[in-house]
Protein chains: 2
Amino acid sequence: MDSDGSQGSYPERATIRDVARAAGVSIGTASKALNGNGRLKQETREKVVAAAQALGFRPNAMAQSLHRAKSMTVGILTTDSFGRFIFPIVEALEERLAEHGIAVFMCNATDDPVREKQHLDQLLGKRIDGLLVTARRMDTRPAIAVPGKSMPVIYVFSQTDDPDALCLLPDDQGGAVLGVEHLISLGRKRIAHISGPASFAAVVLRHQGYADALAKAGLPEIDGYYRNGEWSEAWGREAVAELFDGKAEIPDALFCGNDQIARGATDALRERGLRVPEDVAVVGFDNWDVMTLAARPPLSSVDMNLRELGRVAGERLIAMIAGERLRGVERLPCSLVVRQSSDPTSAKPSGGLQ
Amino acid sequence: MDSDGSQGSYPERATIRDVARAAGVSIGTASKALNGNGRLKQETREKVVAAAQALGFRPNAMAQSLHRAKSMTVGILTTDSFGRFIFPIVEALEERLAEHGIAVFMCNATDDPVREKQHLDQLLGKRIDGLLVTARRMDTRPAIAVPGKSMPVIYVFSQTDDPDALCLLPDDQGGAVLGVEHLISLGRKRIAHISGPASFAAVVLRHQGYADALAKAGLPEIDGYYRNGEWSEAWGREAVAELFDGKAEIPDALFCGNDQIARGATDALRERGLRVPEDVAVVGFDNWDVMTLAARPPLSSVDMNLRELGRVAGERLIAMIAGERLRGVERLPCSLVVRQSSDPTSAKPSGGLQ
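No experiment lies behind these values; they were computed from the predicted model shown.

> It is not clear to me how the overall build of chain A should be interpreted in this structure. Could you clarify?
Looking only at helices and strands, one finds twelve helices and 14 strands in chain A. With 354 residues in all, chain A has 50% of them scored as buried.

> Would you mind going over the interface of chain A and chain B with me for this structure?
Many authors give the size of an interface as the accessible area that is lost as the parts come together. At the interface, 37 residues of chain A touch 39 residues of chain B. At the level of elements, helix 1 (16-23), helix 2 (27-35), helix 5 (86-99), strand 2 (103-108) and helix 6 (113-125) of chain A are the ones that each hand at least two residues to the side of chain A that touches chain B. Of the residues belonging to the side of chain A that touches chain B, the class tally is 15 nonpolar, 13 polar and nine charged.

> Help me understand the relation of the copies chain A and chain B in this model?
Each copy of the chain is related to the other by a rotation around an axis and a translation along that axis. Expressed as a screw transformation, the operator carrying chain A onto chain B has a rotation angle of 180 degrees and an axial translation of 0.1 Å, and the superposed copies differ by an RMSD of 0.1 Å. Put plainly, the chains are arranged around a two-fold axis. Identified as the residue of chain A closest to the rotation axis by C-alpha distance is Phe105(A), at 2.2 Å. Taken as a fraction of all interface residues of chain A, those also at the interface in chain B reach 100%, which identifies the copy contact as same-surface.

> Looking at this model, I keep getting lost on the sheet that holds strand 9 (residues 226-228) of chain B. Mind explaining?
By way of backbone hydrogen bonds, the strands of a sheet pair with one another, either parallel or antiparallel. All names here are of chain B. Spatial strand order, 9-8-10-11-12-14: six strands in an open sheet with mixed pairing. Edge strands, defined here as strands with exactly one partner in the open sheet, are strand 9 and strand 14 (335-337). Averaged over all adjacent pairs, the angle separating strand axes in this sheet is 20 degrees, with direction ignored. Pairing of strand 12 (residues 300-303) with strand 14 involves three bridges; the strand directions are antiparallel. When the sheet's bridge partners are listed, Ser 301 is paired in strand 14 with Val 337. Strands in contact with helix 9 (residues 233-244) are strand 8 (191-195), strand 9 and strand 10 (253-256); relative to strand 8, the strand with the most contacts, it is inclined by about 145 degrees.

> What exactly am I supposed to notice about the sheet that holds strand 10 (residues 253-256) of chain A here?
Residues and elements named next belong to chain A. Read across the open sheet, the six strands follow the order 9-8-10-11-12-14; overall the sheet is mixed. Every interior strand has two partners, whereas the edge strands, strand 9 (226-228) and strand 14 (335-337), have only one. Pairwise comparison of adjacent strand axes, ignoring direction, gives a mean angle of 20 degrees for this sheet. Pairing between strand 10 and strand 11 (residues 281-285): three bridges, direction parallel.

> So what exactly am I meant to see when it comes to the confidence of the model for chain A here?
Caution applies to low-pLDDT parts of the model: their predicted coordinates are not meant to be read in detail. Here chain A averages 86 in pLDDT, while 87% of its residues score no lower than 70. Taken as a whole, residues 1-11 of chain A scores under 50 in pLDDT and shows 16 contacts with residues more than four places along the chain or in a different chain.

> Explanation requested: helix 5 (residues 86-99) of chain B in the structure shown.
An α-helical turn contains 3.6 residues, so a residue and the one three or four places further along point in the same direction. All names here are of chain B. With 14 residues, helix 5 ought to run about 20 Å at 1.5 Å a step, and its terminal C-alpha atoms sit 20 Å apart, in line with that. Restricting attention to buried positions, one finds in helix 5 the residues Ile 86, Phe 87, Ile 89, Val 90, Glu 91, Ala 92, Leu 93, Glu 94, Glu 95, Arg 96, Leu 97 and Ala 98. Of the residues one or two after helix 5, Gly 101 is the one with positive phi, at around 75 degrees.

> Looking at this structure, I do not really get unusual backbone geometry. What am I missing?
Comment: phi is negative for the bulk of residues other than glycine, and the bulk of peptide bonds are trans. Of the consecutive residues Arg296(A) and Pro297(A), the connecting peptide bond is found in the cis state with omega at -5 degrees. Locating Pro297(A) in the fold gives a position in the loop between helix 11 (289-292) and strand 12 (300-303). The backbone of Asp286(B) sits at a positive phi, close to 120 degrees, despite the residue not being glycine. Counting through the fold element by element, Asp286(B) comes out in the loop between strand 11 (281-285) and helix 11 (289-292).

> Would you take a moment to explain the domain arrangement of chain A for this structure?
Residue and element names in this part refer to chain A. We note that the domain assignment places domain 1 (3-59), domain 2 (69-170 + 305-333) and domain 3 (172-304) within chain A. A straight line from the C-alpha centre of domain 2 to that of domain 3 covers 32 Å. At the junction of the two partners, domain 2 supplies eight residues and domain 3 supplies eight residues. By residue class, the composition of the side of domain 2 that touches domain 3 is four nonpolar, three polar and one charged.

> Quick question: what am I supposed to make of the environment of His100(B) here?
Residue and element names in this part refer to chain B. With respect to the element layout, His 100 can be found in the loop between helix 5 and strand 2 (103-108). In this structure His 100 comes out as buried when scored by C-beta crowding, with 22 C-beta atoms within 10 Å. When the C-alpha positions of His 100 and Arg 270 are compared, they lie 51 Å apart, and in sequence the two are 170 residues distant.

> Even after reading the chapter, I still don't get the pairing of strand 10 of chain A, so can you show me in this structure?
A regular strand places its side chains so that they alternate between the two faces of the sheet. Residues and elements named next belong to chain A. Across the two faces of strand 10 the burial is the same, with Ala 253 and Phe 255 and Leu 254 and Cys 256 all buried. Bridge count between strand 8 (residues 191-195) and strand 10: four bridges; the pairing is parallel. Bridge assignment links His 193 to a residue of strand 10, and that residue is Phe 255. Viewed along the sheet, the connection from strand 10 through helix 10 (residues 259-271) into strand 11 turns out right-handed.

> When you look at the packing of helix 1 (residues 16-23) of chain B against helix 3 (residues 42-55) of chain B in this model, what are you seeing that I'm missing?
Each pair of packed helices can be summarised by the angle the axes make with each other and by the distance between the axes. All names here are of chain B. Where helix 1 meets helix 3, the closest approach of the two axes is 8 Å, and the angle between their N-to-C directions is 125 degrees. Our classification of the angle between helix 1 and helix 3 gives oblique. The way helix 1 lies across helix 3 gives a crossing that is right-handed. Only Lys 47, Val 48, Ala 51, Ala 52, Ala 54 and Leu 55 of helix 3 make contact with helix 1, whose side of the interface consists of Asp 18, Val 19, Ala 22 and Ala 23. In terms of residue class, the contact of helix 1 with helix 3 is built from eight nonpolar, no polar and two charged.

> Which parts of the structure should I look at to understand the nonpolar core?
Residues Ala265(A) and Ala265(B) are the most contacted members of the largest nonpolar core, which totals 170 residues. Leave out the neighbours within four places in its chain, and Ala265(B) touches Ile194(B), Gly236(B), Arg237(B), Ala239(B), Val240(B), Leu254(B), Cys256(B) and Val282(B).

> Please clarify how the environment of Glu330(A) should be interpreted in this entry.
Residue and element names in this part refer to chain A. The topology assignment puts Glu 330 in strand 13 (residues 328-332). Judged by the 21 C-beta atoms lying within 10 Å of it, Glu 330 is buried. Separated by 162 residues in sequence, Glu 330 and Leu 168 have C-alpha atoms that sit 4.9 Å apart.

> Honestly, the environment of Ala281(A) in this entry has me stumped. Any pointers?
Residues and elements named next belong to chain A. Relative to the assigned elements, Ala 281 resides in strand 11. What makes Ala 281 buried here is the crowd of 24 C-beta atoms within 10 Å. For the pair Ala 281 and Leu 123, spaced 158 residues apart in the sequence, the C-alpha separation amounts to 49 Å. Excluding anything up to four places from it in sequence, Ala 281 contacts Leu 183, Leu 186, Arg 188, Ala 253, Ser 341 and Ser 342.

> Whenever I open this one, the packing of helix 5 of chain A against helix 12 (residues 306-321) of chain A confuses me. Can you help?
All names here are of chain A. Running from N to C, helix 5 and helix 12 cross one another at 40 degrees; their axes reach a closest spacing of 7 Å. With respect to helix 12, the element helix 5 is oriented oblique. The crossing of helix 5 and helix 12 is right-handed. For the pair helix 5 and helix 12, contact is made by Pro 88, Ile 89, Val 90, Glu 91, Ala 92, Leu 93, Arg 96 and Leu 97 and by Leu 306, Arg 307, Leu 309, Gly 310, Arg 311, Ala 313, Gly 314 and Glu 315, respectively.

> I keep staring at helix 10 (residues 259-271) of chain B and nothing clicks. Help me out?
Residues and elements named next belong to chain B. Compared with an ideal rise of 1.5 Å per residue, which puts 13 residues at 18 Å, helix 10 spans 18 Å between its outermost C-alpha atoms and is within 8% of the ideal. Across the 13 residues that make up helix 10, a large majority, eleven, are buried. Of the residues making up helix 10, those classed as buried are Asp 259, Gln 260, Ile 261, Ala 262, Arg 263, Gly 264, Ala 265, Thr 266, Asp 267, Ala 268 and Leu 269. Tucked into the core, helix 10 has its buried residues touching strand 8, helix 9, strand 10, strand 11, helix 11 and strand 12. Note on helix 10: the residue one or two positions beyond its end, Gly 273, has a positive phi of about 80 degrees.

The rules we used
Residues numbered from 1 in each chain as written. Chains lettered and ligands numbered in written order. Predicted model: local features only at pLDDT ≥ 70, side-chain atom pairs only at ≥ 80, totals over all residues. Helix = DSSP H or I, 4+ residues; strand = E, 2+ residues; numbered from the N terminus. Buried ≥ 20, exposed ≤ 12 C-beta atoms within 10 Å, placed from the backbone. Contact = placed C-beta atoms within 7 Å. Nonpolar A, V, L, I, M, F, W, Y, C, P; charged D, E, K, R; others polar. Least-squares fit on C-alpha atoms with pLDDT ≥ 70 in both. Pairing = 2+ DSSP bridges. Axes fitted to C-alpha atoms, helices over the stretch in contact; angles between N-to-C directions. pLDDT = per-residue confidence, 0-100. Expected span 1.5 Å × (residues − 1). Domains from an automatic or database assignment. Right-handed = clockwise from strand over helix to strand, strands pointing away. Parallel < 35°, antiparallel > 145°, perpendicular 65-115°, else oblique. Left-handed = near helix turned anticlockwise from the far one by under 90°. Core = buried A, V, L, I, M, F, W, Y, C linked by C-beta atoms within 7 Å.

Here you go:
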């Protein structure tokens, strides 16, 4: 699938939820009114129909064929833990499914195959219509064994080796290209890449994007400028020491594999008297406000658009429940948020943190 | 209820989940085998019974009376968003309920009363056996209107004005006493308290704990040493400027309302040449590893034991589904984690961050 096209193909439009809200009734009532079934007061039915017309609501074929759904429930199974990457995904997914009247069971298996199996049994016992599997880490995981393979399963922010599965992931490589091309556009020529452990698929892909962007601009990859370590601020500080200590020529920009590394690097640069971004521009990855807004200066960062990932996962799951067959790896575009760590003319962020 | 007794009253013991795992069967199968119903191979039944005996499993009266449960599902409704305080609560709760074969629906209403009502309708339509209401912020919220009041509702990390409701909260005041008594035990006498917005109930309670601990030790509250601002690192830095700039006498310790404030304060102290903890000891609140371990030095902090809060919420919900009537505000104890920001002799934390 074409990752660039994914966002455009799901325009926002009025949902049954919007209609219910405008008419001041429950989703169930709105649905009955529009489908012409159930026992409702004529007045209620007319109010719902008027709201649907005013909002331009069109129940689509996909929603209509949701009668295939048995229980109007789906499960979300995390295989390690609900970390900060997972919550925006789950939240947006839950929102999207709720618009179709589908409720979400959440289960956490904490890296325990036995618990995972027990959870799956429990979900199957509840006759869920679909399953979404997610994980904090972006490594390939074994496929979930669903009896009979009849139930739709989507892997989101997680990848499996089953070629028949549908996996939704952020476009890590494209995101890295955005970050590095931004630094190149600012005239930077000696761009180092400080990243996380090379065992992460995302680390490999982000490095590939970094290399792609340099090559496209005709810039060489400088020896020793790609460094792997932990996903931590401490590693960001340490990597700066490695790249700058006693060096005749130093980087004029750092593209970092996450915001914690970027923040540590920014602190280390300031403490050695280098100005960010005048002497060294810095771009992070994740656009995690706890890091980007607290850093001095605030960090430019690549955003994985996790809420969009969750929303699209909801769409795909609904389509699959309605009978569509989807498979393969779909990568959704990242975006770049520019702040003062790369561009001193960017607007100051407003507001407090929590 | 006595908050000190809460942890002790729930000893860990073998659950139906443990038995199922040991016997290599699903929870449903284990349950059937032990209750003597359902169609199972004799061999399976014997394997389960043997595992139950080996583990000392005793199905308790509470679990037995769970036959009152209609659907073996409960709902979790967040009224704003699934923030970082909510994850550990929800995760531990889900774990606890899964042990009893109860599945969890999650719904997020994003501060929208209409969505909240729609979610509640949907959950009631699924015939949930109980509801847990939570929120990122610790403000009092209106009670959820459940028709007929027949369904158990618990508010966790959230408080309502309904005197018939059960609310589970961390003991903010007791947590603050722990943090301040620790600083006093280190010989500190000029302890300032930098906290969040005074409109938060937790801020008022933590300040009360600070005042209690000072009073108990016979130390005066020094004028201007209690300061309110945002929950941010920037406010921590600013508060240090306010407390130290041009002052003849300065604090020898800072008790901070959260870890972001503590981290900002620690950075500001270091940057003005003051040593932490030798010149000024610092204690934060939340024990959020992203902040406590990345700070230089690592931060001592009060831990709200959110997983324990989630686990106890699960217990209480099960008890209420089984027919117990519980009400009132129950506060669970916090604990203190000592690191180098207050005690230079404490062990260095190990391991990386993510």
